[in-house]
Amino acid sequence: MYQIVKARTLAEKIFLMDVKAPRVAKACQPGEFVIVRMDEKGERIPLTICDFDREAGTVTIVVQVVGASTRRMAGLKEGDSFKDFVGPLGRPSDFVKEDPEIVKERKYLFVAGGVGTAPVYPQVKWMKEHGIHADVIVGAKTKDLLILENEMKEVAGNLYITTDDGSYGSKGMVTEVIRELVENQGKHYDICVAIGPMIMMKFVCLLTKELGLPTIVSMNPVMVDGTGMCGACRLSVGGQVKFACVDGPEFDGHLVDFDEAMKRQQIYKTEEGRAMLRMAEGDTHHGGCGNCG
Ligand code: NAD
Ligand code: FES
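Note that this is a predicted model, so its numbers are computed, not measured.

Definitions and limits used
Residues numbered from 1 in each chain as written. Chains lettered and ligands numbered in written order. Predicted model: local features only at pLDDT ≥ 70, side-chain atom pairs only at ≥ 80, totals over all residues. Heavy atoms only, no water. Helix = DSSP H or I, 4+ residues; strand = E, 2+ residues; numbered from the N terminus. Rg over C-alpha atoms; globule rule 2.2 N^0.38 Å. Buried < 20%, exposed > 50% of the residue type's maximum accessible area, 1.4 Å probe, protein only. Contact = heavy atoms within 4.5 Å. Pairing = 2+ DSSP bridges. Axes fitted to C-alpha atoms, helices over the stretch in contact; angles between N-to-C directions. pLDDT = per-residue confidence, 0-100. Near = heavy atom within 4 Å. Polar contact = N/O pair within 3.5 Å; in protein donor to acceptor, adjacent residues only side chain to side chain. Areas by Shrake-Rupley, 256 points an atom, 1.4 Å probe, with all protein chains shown as cover. Nonpolar A, V, L, I, M, F, W, Y, C, P; charged D, E, K, R; others polar.

1. Focus on the overall build of the protein chain
Broken down by element type, the protein chain carries 10 helices and 16 strands. Relative to the 2.2 N^0.38 estimate, which gives 19 Å for 293 residues, the radius of gyration of the protein chain is 19 Å and therefore close to what a compact globule would have. Each principal axis of the C-alpha atoms in the protein chain carries an extent, and together these give about 50 × 45 × 40 Å. Counting across all 293 residues of the protein chain, residues that qualify as buried make up 49%. Partitioning the intrachain contacts of the protein chain with sequence separation of at least 6 by distance along the chain shows that 62% fall at a separation of at least 24.

Structural data, given as structure tokens:
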């Protein structure tokens, strides 16, 4: 069992938990994720790692209530436990594997949308720990939905906050801030990392393509096993079939077929939809049914 040692509410329907999971905490890196399960019959929920403390043996996750399972999860308190806490899964962010001196030569722009701020945080923290100043844009619908502002302030070189309704920071979506920084303020970036809802990542990528700014995105399609066997997290990247759980979750955003990924996300919600995917993608383990294994 994996005990929750700290639990707090970050915003409406968004919760942070520190979970005692020493083996995951020892090995995990920015960009990776875990799959958690509350009990034997519980749904497997993939969550990107928000932070970790190797000495304390804890991993921080951020949960947004989107359905019945996450609502149940949000009800967990300090002292409660998860049945499974599997990870680290996926591949770490590319820069983690590089020589920090080479990473230092690049100017990074991180773009975090809503709950996507949680997986952006450990990446910017890594930058700070390696003496790299990265600019960070955080977008939220309203001031009340902004999360991890203080934490991000501590690690970002420059932090730009924007809200859709203008209730805090500048007014508008993250794409407007990117355009303002690059086109009006003449800032130069070598690489953009954008994490948030798929629709945000799609529009960030359309803009950064226009600006000639290479962009990495973190994809969070439906996942079941998290080991590349079930096919649930299938994506098209540069015309090739990829599985977010083993080939990602980070990909070259200019190559991702976002429209297909969003459509697939919708279809996957119903049994009929999953049967249709299975027909369209082949009756194999990588056939997209997500339930055959
Ligand atoms: P949200 O809908 O509140 O959007 C956050 C910000 O994204 C907005 O404030 C805006 O600045 C930007 N944005 C949204 N639509 C945009 C558009 N069309 N063009 C330009 N910018 C746009 O975000 P939320 O409710 O926190 O997001 C929830 C979704 O994020 C869930 O579907 C969840 O699965 C996903 N998510 C993804 C990841 C990931 O790893 N990619 C991580 C956590 C959550
Ligand atoms: Fe990726 Fe099953 S979750 S293949």
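Having seen the model, we can carry on.
2. A closer look at the sheet that holds strand S5 (residues 58-64)
The 7 strands are arranged S6-S1-S2-S5-S4-S3-S7 in an open sheet whose pairing can be described as antiparallel. Only two strands of the sheet have a single neighbouring strand rather than two, namely strand S6 (81-82) and strand S7 (84-89). Relative to S6, strand S1 (residues 2-11) runs antiparallel, the two being bridged by 2 bridges. Each bridged residue has a counterpart across the sheet, and for Tyr-2 the counterpart in S6 is Phe-82. Across the sheet, helix H4 (residues 117-129) is in contact with strand S4 (45-53) and S5; its angle to S4 comes to roughly 35 degrees.

3. What about the confidence of the model for the protein chain?
In low-pLDDT regions, the fine details of the predicted coordinates are not to be read closely. The predicted model of the protein chain has a mean per-residue pLDDT of 91, with 96% of residues at 70 or higher. Counted against residues more than four places away or in other chains, residues 287-293, with its pLDDT under 50, gives 23 contacts.

4. Observations concerning the sheet that holds strand S9 (residues 135-140)
Spatially, S11-S10-S9-S8-S12-S13-S16 is the arrangement adopted by the 7 strands of the open sheet, whose pairing is mixed. With partners counted over all chains shown, the strands left at the sheet margins are strand S11 (170-171) and strand S16 (250-252), one partner each. Of the pairings in the sheet, the one linking strand S8 (residues 108-113) to S9 comprises 5 bridges and is parallel in character. Within S9, the position partnered with Leu-109 by the bridge is Asp-135.

5. Let's talk about the site of ligand 1
Taken together, 23 residues lie near ligand 1, and Val-115, Ala-140, Asp-164, Ser-218 and Asn-220 sit nearest. One of the backbone N or O atoms of Val-115 is found 2.8 Å from an oxygen atom in ligand 1. For ligand 1, the accessible surface in isolation is 860 Å², of which the surrounding protein chains cover 80%. At the level of secondary structure, the elements contributing two or more residues to the shell around ligand 1 comprise S9, helix H6 (174-184) and helix H7 (198-211). Looking at the shell around ligand 1, the element that brings in the most residues is H7, giving 4 residues. Counted by class, the shell around ligand 1 contains 11 nonpolar, 10 polar and 2 charged residues.

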